Amino acid sequence: MRLRDRFEPLLQQRKQAELFRRVPLVTSPIGTRIQLNGKTLVNFAANDYLGLSEDPDIRRQVCAADDATFGSGAAHLISGHHLHHHLLEDELSDWLGVERVLLFSTGYMANMAVQQALMQRGDTLIHDKLNHASLLDGARLSEAELKRYPHRNMAMLEKRLRAAEGQAMIVTDGVFSMDGDMAPLPDILELKEKHDAWLLVDEAHAFGVLGEHGRGSFEHFGLQADDDTLRVGTLGKAFGVFGAFVAGSQIAIDALINLARPWIYTTALPPANALAARIALKKVQQADAARAHLRALIQHFRAEAESLGLTLWESETPIQPLILGDAATAVAWSRALFEQGFHVPAIRPPTVPKGSARLRITFSACHTLEDVARLLEALAALYPCKS
Ligand SMILES: *Cc1c(COP(=O)(O)O)cnc(C)c1O
């Protein structure tokens, strides 16, 4: 068979169902204002919640540092682990109050690593059904068995825990990436204790944003992470740079260093990137005012959208989905918003379940109240075309 014979019909089918993916091209610096496919837009699509990707200090300080090379030349265990990596790991672990932090090149790889390294054949991974794709792929790389429970359904989680064989690990997003709602951590911790399970929480959308000082879901709920809990954070979202990390106990991190293939067999992050993340961490620590502004934008958006009759999801986070149902409607709304100067992408299956195609609106502390007001006006004008 020719490759073309397999994929031409498949891709054609996707085009007809409005499910074909195209890569939009940005020709300006990437921030809350972008030029995309030739048009200047207010960007409501990034995960850069504190606006740090645009921060001029980070760029200036990294450019001025002589020891911040771009290439690291090798994996961490060989010769790639630079002082900037070491200091970043220390500073992140101090910030979160954990024993150790281990850097990864991406959140995707961190999620591949934890389940593969810590869970063995005969063990059980128990996932929320709406977990990020990288957590699901991490379960596939692990030899443990995968079980899933309906989104945030604690009765079903408990049922899975009762039936689990070997060591059980509960795996969940802290903030769900396409829905913006939160895992019910207090209940999860109770079940974790009761059933002696371990816990992995993906804090990609929580670190920097949630909690009084941005320390994520645990701080939001006033909880402590114990030695059997690991948290994954990304540096490409609220930190505005690139990379990821796992935070946990000394013994858990030592196990990753010795066993995690997606950490061992890959080149270390650029030292310049690690330095950028160190500067970004200082800014995240000082971003209480930005977080307050972000919360105000979210509250304003939700109050106004509700009075327009738009159906919102139960989300207190900067991720505000507008669920529209079929992919064609979501694409039509996204295109109409593009024409009016907004980038709000349509999220379609298989990224989200069938019948729940949506606009995914994300807010940044660099948005103004006026940006949000203008977006609401554009949505109000679209609303009649929904029915
Ligand atoms: C973005 C994301 C990741 C992947 O992180 P990268 O650093 O972009 O690879 C993992 N988990 C969740 C929930 C995410 O949203």
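Being a predicted model, the structure only gives us computed values, none of them experimental.

Side note on the UniProt feature "binding site: substrate" (unreviewed entry) in the chain
- In this structure's numbering, the residues bearing the UniProt feature "binding site: substrate" (unreviewed entry) are Arg 21, His 132 and Thr 351.
- Residue position: His 132 is located in the loop between strand S4 (124-128) and helix H6 (133-141).
- Ignoring anything within four residues of it in the chain, the contact list for His 132 reads Asp 173, Ser 177 and Asp 202.
- A polar atom in the side chain of His 132 sits 2.7 Å from the side chain of Ser 134.
- As for its position among the elements, Thr 351 is in the loop between strand S12 (346-347) and strand S13 (357-362).
- Residue class for Thr 351 comes out partly exposed when judged on its relative accessible area of 44%.
- Once residues within four sequence positions are removed from consideration, Thr 351 is found in contact with Arg 21 and Met 178.
- Within the structure, the side chain of Thr 351 is placed 3.1 Å from the side chain of Arg 21, a separation counted as a polar contact.

Digging into the site of the ligand
- The environment of the ligand is made up of 13 residues, and the closest members are Gly 107, Tyr 108, Asp 202, His 205 and Lys 237.
- Within the backbone of Tyr 108, one N or O atom sits 2.9 Å away from an oxygen atom of the ligand.
- The side chain of Lys 237 places a nitrogen or oxygen atom 2.6 Å from an oxygen atom of the ligand.
- When the ligand sits alone it has 380 Å² of accessible area, and the protein chains cover 82% of it.
- Sorting elements by how many residues they give to the shell around the ligand places helix H5 (residues 107-118) first, with 3 residues.
- Of the residues in the shell around the ligand, the class split is 2 nonpolar, 8 polar and 3 charged.

Describing the UniProt feature "domain: Aminotransferase class I/classII large" (unreviewed entry) in the chain
- The sites that carry the UniProt feature "domain: Aminotransferase class I/classII large" (unreviewed entry) are, in the present numbering, residues 40-379.
- Helix makes up 43% of residues 40-379 and strand 17%, whereas the separation of the span's terminal C-alpha atoms amounts to 18 Å.

Regarding the environment of Leu 281
- Note on placement: Leu 281 falls in helix H12 (residues 271-285).
- On the basis of relative accessible area, Leu 281 is assigned to the buried category, the value being 2%.

Re the side chain of Arg 360
- The topology assignment puts Arg 360 in strand S13.
- Comment: no salt bridge for buried Arg 360; closest opposite-charge side chain is Asp 179, at 8.1 Å.
- At a separation of 2.9 Å, a polar atom in the side chain of Arg 360 contacts the side chain of Asn 47.
- Separated by 2.8 Å, the side chain of Arg 360 and the backbone oxygen of Ser 177 make a polar contact.

With respect to a nonpolar patch on the surface
- There is a patch of nonpolar side chains on the surface, built from Leu 3, Phe 7, Leu 10 and Leu 11 and spanning about 360 Å² of accessible area.
- When you line up the elements, Phe 7 lands in helix H1 (residues 3-16).
- According to the relative accessible area criterion, Phe 7 is partly exposed, its value standing at 34%.

Notes on helix H10 (residues 250-259)
- Where H10 is concerned, the buried positions are Ala 252, Ile 253, Leu 256 and Ile 257. With its buried residues spanning 140° around the axis, H10 presents them on a single face. Of the exposed residues in H10, the ones pointing more than 90 degrees away from its buried face are Ile 251 and Asn 258.
- Summarising the contacts, the buried residues of H10 are in contact with helix H3 (76-80), strand S3 (100-104), H5, strand S8 (229-234), strand S9 (244-248) and helix H11 (261-264).

Overview of the sheet that holds S8
- Spatially, the 7 strands line up as an open sheet ordered S3-S9-S8-S7-S6-S4-S5, and their pairing is mixed. On the outer flanks of this sheet lie S3 and strand S5 (145-149), each paired with one strand and no other. Between one strand axis and the next, the sheet turns by 20° as a mean value, whatever way the strands run.
- As defined by bridge partners, strand S6 (residues 168-173) adjoins strand S7 (residues 198-202) across 5 bridges and the pair is classed as parallel.

Rules of the game
- Residues numbered from 1 in each chain as written.
- Predicted model: local features only at pLDDT ≥ 70, side-chain atom pairs only at ≥ 80, totals over all residues.
- Heavy atoms only, no water.
- UniProt positions renumbered as here; feature names shortened; annotations may be inferred.
- Helix = DSSP H or I, 4+ residues; strand = E, 2+ residues; numbered from the N terminus.
- Contact = heavy atoms within 4.5 Å.
- Polar contact = N/O pair within 3.5 Å; in protein donor to acceptor, adjacent residues only side chain to side chain.
- Buried < 20%, exposed > 50% of the residue type's maximum accessible area, 1.4 Å probe, protein only.
- Near = heavy atom within 4 Å.
- Areas by Shrake-Rupley, 256 points an atom, 1.4 Å probe, with all protein chains shown as cover.
- Nonpolar A, V, L, I, M, F, W, Y, C, P; charged D, E, K, R; others polar.
- Lys, Arg positive; Asp, Glu negative; His and termini not counted.
- Salt bridge = Lys/Arg side-chain N within 4 Å of Asp/Glu carboxyl O.
- Patch = residues over 30% accessible without salt bridge, like charges linked within 9 Å, V, L, I, M, F, W, Y side chains within 5 Å.
- Arc of directions from axis to C-beta.
- Pairing = 2+ DSSP bridges.
- Axes fitted to C-alpha atoms, helices over the stretch in contact; angles between N-to-C directions.

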